[in-house]
Amino acid sequence: MASGTDVRARPADPANPPATPRRRWLVPALLVAGWLAGVGWRMWLARHVTLPIAHTDEDSYLNTARALAGGPGGFSSENGPLRRVGYPMLIAPAFLGDREFTDSYRLVHLINAMLNSLALPLAYLLGRRLFAPRRSTALVAAAVAATLPATAFYAQVAMIDTVMAPLVLAWLLAVHRWLSRPTPLAAVAVGTLAGAFHLLHSRGLVIVAVHVGLVLLLLVRRRATPAQVLAAVLPVLALALVNEAGIRLLGDRVYLLGNPPGGGTLRAVASGPGLLRLSAAVATQLWYLVVITFGLAGIAWAAAVREQFRPTWDAAVRWTVGVALVTSVGVAGGASVILAGITSKPLDAIYGRYVQMLAPFWLLVGVGVLLTVTGRVALRRAAVAVAVLIGGATLIAARLAYVASRGHELRYGGFGAPDLMALTGGWRQFRPFTGAAVGLAGCLLLVVALRRPRWRIAALAALVVVNIGTMAVITDRLVRPMVAATAPTPRLAELGLRPGERVYASVGVHYILRFNLSHQVTWTDVRWFRDRPPAAADVVLTRWAPGEPDDWDGARYGFVRLGGNPRQHWAAWRRG
């Protein structure tokens, strides 16, 4: 690890002459305009989503946010050890005041869009810091990173993933700043961002572990003073206390339904077959990153690994990329261990949600590598990406065939890898070789185009178009059908439910419809019952299935049916 005095001064870049006063404001103006355009684009993508579609994660965050804003609570699918309140704190302002749920949900989308769109300026700053490309090239590369579906998709739903990609970029930008010019203020920035990961999601434990390792390494190698170490550690502890304070503030208004990780997690991986399944899951997630970045992540990894043994880059760049390497493997491994312990559901064929936050960073590094190395070196780095794509697809196909031959099925759903589904047309089945072909074609085209200065801007702009088109396909083929399948009709307000009424819901109503009906009751926490309605209930939401044995007859308990939807199998009843 090199201190700031050991880092070589970057030579003057003839492609970036000193800016005139007028040009000095051009890039900031373009970044602000790009951020505003990104907010508008994300809001437009979310225009169809008026109720949650990602159950039960969205429900948990929304119930917690409403409780933090002073409203009624509800359930959370989290468990005690992995419980986090950071994201609900961010979206809690949407629930202030007396408004309909759909209005609050739209405000959540706006908060998401504003935070998620920060990926553009952060990607520009990070790209410029790491490889100092031309400003125009850095701007378009940042636009590619900011429009990646892995970055933008989750802005449409109330999930923590919407802020994770920008946070990764901010954290690694701060890490680079600390490594290049170590000061207590830089250490505070790195520690605060690492602590923010812990406040937001359990995968932040990996980030905190990497952060602690980096701090210890700097201390051992005398590249950080005790004051800097303290400045880097205290914010993490402070934000961990903020999380605990938020949990205590909520009290029992939000009740947990999740089971704490226990011996099942250890048993799932502590065996030969378990380790093989774990390795396959980790490899699949890393392969996925290479595909959705069109080979650029593979090129970046090849360069990053070589730099750790035969350094040619600036020391701060080398170690920043090294931190990202450890983080990528750690997040993929940690997610796979946790998911392996959920024995109540089938294992996933792919679940890229946790590593998606790293895609923008590796795309930027891949672009930087292709812009700075010789043609021969670029081909060697690309060969590694090609090997990962083909080898990974072969192993994934073999895993799928093996599981199928034993009469089992791996889970494959819309939130596992929506961008991969769109790029491969694999809406109902995993297509690893198609994914490899997409990544391979993109990789070879980018190697050729980015090596030619006249083609660079056009090639990167084409990727922006591909990203926007992919998001349009995801919206049309995945999001809109989910909205249609999960939106109960009519609305409860149309049936005459009034604020102040005590509402309960039967577990006989399908859980997705039950949750989305409950969100429309903004004045109270809707609790559940099985058959006999609670004595305190004014209104109950129950199963309506004419002619079927489990059709609920409220007249037996003195209720009058207000209406509902027999095709969706639900009805609202008011006590007579």
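A brief report on the enclosed structure follows.

Conventions adopted
Residues numbered from 1 in each chain as written. Predicted model: local features only at pLDDT ≥ 70, side-chain atom pairs only at ≥ 80, totals over all residues. Heavy atoms only, no water. Axes fitted to C-alpha atoms, helices over the stretch in contact; angles between N-to-C directions. Helix = DSSP H or I, 4+ residues; strand = E, 2+ residues; numbered from the N terminus. Left-handed = near helix turned anticlockwise from the far one by under 90°. Contact = heavy atoms within 4.5 Å. Nonpolar A, V, L, I, M, F, W, Y, C, P; charged D, E, K, R; others polar. Core = buried A, V, L, I, M, F, W, Y, C linked by side-chain atoms within 4.5 Å. Buried < 20%, exposed > 50% of the residue type's maximum accessible area, 1.4 Å probe, protein only. Polar contact = N/O pair within 3.5 Å; in protein donor to acceptor, adjacent residues only side chain to side chain. 1 Å grid on protein atoms, 1.4 Å probe; cavity = no way out; pocket = protein on both sides within 12 Å on 5 of 7 lines; lining within 4 Å. Points joined across faces, edges and corners; volume = space filled by probe spheres on them.

## Some points on the packing of helix α15 (residues 296-309) against helix α16 (residues 315-340)
Here comes step 1: Between α15 and α16, the shortest axis-to-axis distance is 9 Å and the interhelical angle comes to 115°. When you trace α15 past α16, the crossing you get is left-handed. Where α15 abuts α16, its residues Trp301, Ala304, Val305, Glu307 and Gln308 lie against Arg318, Val321, Gly322 and Leu325.
Here comes step 2: Among the residues forming the contact of α15 with α16, the class breakdown is five nonpolar, two polar and two charged.

## Observations concerning the nonpolar core
Here comes step 1: Counting residues in hydrophobic clusters, the biggest one holds 159 residues, and the most contacted among them are Trp171, Trp178, Trp287, Ile299, Phe361, Trp362 and Val365.
Here comes step 2: Sorting elements by how many residues they give to this core places helix α9 (residues 161-180) first, with 13 residues.
Here comes step 3: Leu492, Leu495, Val526 and Val539 belong to the second largest nonpolar core, which has 14 residues in total.

## Quick word on the side chain of Ser328
Here comes step 1: Tracing the backbone shows Ser328 in helix α16.
Here comes step 2: Classification of Ser328 as buried rests on a relative accessible area of 2%.
Here comes step 3: Among the polar contacts made by the side chain of Ser328, one reaches the main-chain carbonyl oxygen of Ala324 at a distance of 2.8 Å.
Here comes step 4: Excluding its chain neighbours within four sequence positions, the residues that come into contact with Ser328 are Leu286, Leu358 and Trp362.

## Brief notes about empty space enclosed by the protein
Leftover empty space is mapped by rolling, across the atoms, a probe with the size of a water molecule.
Here comes step 1: A complete count under the given rule lists five cavities of 30 Å³ or more for this structure.
Here comes step 2: Those elements that provide at least two residues to the lining of the largest cavity are α3 (57-68), β1 (74-76) and α22 (511-519).
Here comes step 3: The class makeup of the residues in the lining of the largest cavity is five nonpolar, five polar and three charged.
Here comes step 4: The space that makes up the second largest cavity amounts to roughly 80 Å³.
Here comes step 5: Contributing to the lining of the second largest cavity are Ala123, Gly127, Phe131, Pro133, Thr137, Ala138, Ala141, Leu364, Val367, Gly368 and Leu371.
Here comes step 6: Of all the secondary-structure elements, those providing two or more residues to the lining of the second largest cavity are α6 (119-131), α7 (135-147) and α17 (359-372).
Here comes step 7: For the lining of the second largest cavity, the leading source of residues is α17, giving four residues.
Here comes step 8: By residue class, the composition of the lining of the second largest cavity is eight nonpolar, three polar and no charged.

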